Amino acid sequence: MTARGQRASAIATTGSPLSSAPISQSVPLWDLLVVGGGAAGFMAAITAAESGVKRVLVLEATPDPLTKVRLSGGGRCNVTHACWDPAELVGHYPRGQRPLRGPFSRFAAGDAIAWFADHGLNLVEEPDGRMFPEANRSSAVVQCLRQSARDHGVALKLTAMAQRVEHQPDGCFHVHCRGGEMVQAKRLLLATGGHPSGRRLAQSLGHQLIAPVPSLFTLALDAPELVSCSGVALDDVALTLQLEGQRFHQVGRVLITHWGLSGPALLRLTAFAARALHGQRYRGELKVRWCGAQDQATLAKSMRDLRQTSARRTLAAARPLVDRLPRRLWLALLQRAGVNPELRWADCPAKFEQALLRSLQESVYSVKGRGPFGEEFVTAGGVTLGEVNLATMESRVCPGLHLAGELLDIDGVTGGFNFQHCWTSGWLAGQAVAEEITRSDRRS
Ligand SMILES: Cc1cc2nc3c(=O)[nH]c(=O)nc-3n(C[C@H](O)[C@H](O)[C@H](O)COP(=O)(O)OP(=O)(O)OC[C@H]3O[C@@H](n4cnc5c(N)ncnc54)[C@H](O)[C@@H]3O)c2cc1C
């Protein structure tokens, strides 16, 4: 271990050499202080240290840094997405879409993959494009980041919650932690994720905030008949969310849950509609096209065929789109249309057939609210992007302050996109701090 590495682990394991320091001239001056030991904070700290910044400290409020990395992707961590074109990549960000073009032209998914490979962690692509660590465990990502930080002498101080910050006339930052301890640094990076304390710190330094609202959640529907289909997943389902004056549309895989709907297409829908749904108290109307790409004529023909080939069988026993439609879902659609499943196809009145055709093409459900949990929650909103130079992640209202990760008004859909913008903004901030510190060291 390098001398700097030894100093870092001493700070991490003994609590802190700073803890007994009085608030005075004797408080050590860090080159870069990162508030928040998550994905963005670690990436920034490591990048700055690798680029020559000598004194880098990460303050983390909890005893366990990188908690969300550890919990992410169901314990596997979906690190990024195999999407190589920055112009395409930005399409996965409901907030930040246009502003991210510049940052992604400098550090995008391919760069993140190469960065992790250079730091000893290979990522592998799944058929849907999501990228996970080869070991298939999020702990491998945590280990990679912690080891890289240690190797480059990044100091880590745990259970240190930053509560207040002062920007001094000489340009330095004084950060006051819970318990009274003060830390000072030439440059400050806020990477506090969706935690309100970070937004308060940014606000106290002059930043405007876009009110935070949840994104990437499941929907609770008024559809008691779907409860029996819980666990059924279906591809190519078209979803149209109708809110007062606004409409959102997605097509893809959905998962029926015991409260309503989840799955990638539904999560993408709620991500794009996050703010509008919040404004309408999570009430609206969801139209679901269960029949996939089947057109009206094909569907009608499959019903006619059933009348002929299965005339003596019941509606419950013989269903249309047999290769696509799970039986449990068909029974739920019969129930919703008020059709007796024990009717035989030969006796099914035309009006029932029409009702079933409509249910397959467009079942309309009332949205009752948000579901209890999703695969991944992120906060939409945060520091307004117009106040940040996105080439350096430096604040335009407070020189010397940088911001990265979920604290910014950027969020992506599920699939590795949320971590990707953390790697990108963290890397850009780390690079920019290194350039500034090197320049000022040369001057002095
Ligand atoms: C269950 C779950 C699963 C997810 N899975 C994925 C996935 O597989 N792929 C993906 O791309 N995204 C995923 N996400 C989203 C992703 O985790 C976040 O987008 C990402 O962690 C944001 O990183 P960050 O560094 O900005 O913030 P965080 O990871 O939230 O890190 C911020 C850190 O700052 C600390 N902190 C906050 N305030 C202070 C303070 N005042 N002082 C000191 N420290 C402070 C916090 O304790 C925290 O450790 C998931 C989210 C959840 C909740």
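Just so it is clear, the structure is predicted and the values come from calculations on it, not from any experiment. (Residues numbered from 1 in each chain as written. Predicted model: local features only at pLDDT ≥ 70, side-chain atom pairs only at ≥ 80, totals over all residues.)

Another point: the domain arrangement of the chain. Assigned domains within the chain: domain 1 (3-213 + 376-443), domain 2 (219-289 + 366-370) and domain 3 (296-364). Computed over C-alpha atoms, the centres of domain 1 and domain 2 are 33 Å apart. With six residues of domain 1 at the interface, the matching set in domain 2 holds eight residues. Split by residue class, the side of domain 1 that touches domain 2 holds four nonpolar, one polar and one charged. (Domains from an automatic or database assignment. Contact = placed C-beta atoms within 7 Å. Nonpolar A, V, L, I, M, F, W, Y, C, P; charged D, E, K, R; others polar.)

This paragraph deals with unusual backbone geometry. Non-glycine residue leucine 216 carries a positive phi angle of around 60 degrees. Following the sequence through the fold, leucine 216 ends up in the loop between β10 (209-215) and β11 (219-221). Taking the number of C-beta atoms within 10 Å as the measure of exposure, leucine 216 has 23 and is therefore buried. Of note in this structure, arginine 281 is not a glycine but carries a positive phi near 50 degrees. Relative to the assigned elements, arginine 281 resides in the loop between α10 (274-279) and β15 (284-289). (Helix = DSSP H or I, 4+ residues; strand = E, 2+ residues; numbered from the N terminus. Buried ≥ 20, exposed ≤ 12 C-beta atoms within 10 Å, placed from the backbone.)

What follows deals with the site of the ligand. Residues in close proximity to the ligand total 38 residues, the closest being Gly36, Gly38, Ser72, Gly193 and Gly405. Breaking the shell around the ligand down by element, the ones donating at least two residues are α2 (39-50), α3 (67-75), α8 (196-204) and α14 (417-443). The biggest single contributor to the shell around the ligand is α3, with five residues. Of the residues in the shell around the ligand, the class split is 16 nonpolar, 18 polar and four charged. (Near = placed C-beta within 6 Å.)

This part takes up the sheet that holds β11. Backbone-to-backbone hydrogen bonds join strands into a sheet, with any given pair of strands oriented parallel or antiparallel. The sheet built from six strands closes into a barrel, its strands ordered β11-β14-β13-β12-β15-β16 with antiparallel pairing. Between one strand axis and the next, the sheet turns through 45 degrees on average, direction left out of account. Note that β15 and strand β16 (residues 363-370) share five bridges and pair antiparallel. Bridge assignment links glycine 284 to a residue of β16, and that residue is valine 367. Sitting on the sheet, helix α9 (residues 264-272) is in contact with β11, β12 (233-243), β13 (246-256) and β14 (260-262), with an inclination near 155 degrees to β13. (Pairing = 2+ DSSP bridges. Axes fitted to C-alpha atoms, helices over the stretch in contact; angles between N-to-C directions.)

Right, let's get into the sheet that holds strand β3 (residues 80-81). Taken together, the three strands give an open sheet; going across it, the order is β3-β5-β4, and neighbouring strands pair in antiparallel fashion. Looking at strand neighbours, the two that pair on one side only are β3 and β4 (123-125), the edges of this open sheet. As judged from the three bridges shared by β4 and strand β5 (residues 130-133), these two strands associate in the antiparallel manner. Residue pairing for β5: glutamate 125 is matched across the bridge by methionine 131.

This brings us to α2. Each full turn of the α-helix corresponds to 3.6 residues, which orients residues three or four apart in the same direction. Taking 1.5 Å as the rise per residue, α2 with twelve residues should run 16 Å; its terminal C-alpha atoms sit 16 Å apart, in good agreement. Counting buried positions along α2 yields eleven of twelve residues, so the element is predominantly enclosed. Every buried residue belonging to α2 is among Ala39, Ala40, Gly41, Phe42, Met43, Ala44, Ala45, Ile46, Thr47, Ala48 and Ala49, and all of these are buried. Against the buried residues of α2 lie β1 (29-35), β2 (56-59), α3, α7 (138-151), β9 (182-190) and α14. (Expected span 1.5 Å × (residues − 1).)

Glancing now at the nonpolar core. Of all hydrophobic cores here, the largest spans 131 residues; its most connected members are Leu33, Val34, Ala45 and Val56. Here the element with the most residues in this core is α14; it accounts for eleven residues. Excluding anything up to four places from it in sequence, valine 34 contacts Gly41, Ala44, Ala45, Val56, Leu57, Val58, Leu59, Leu189 and Ala191. (Core = buried A, V, L, I, M, F, W, Y, C linked by C-beta atoms within 7 Å.)

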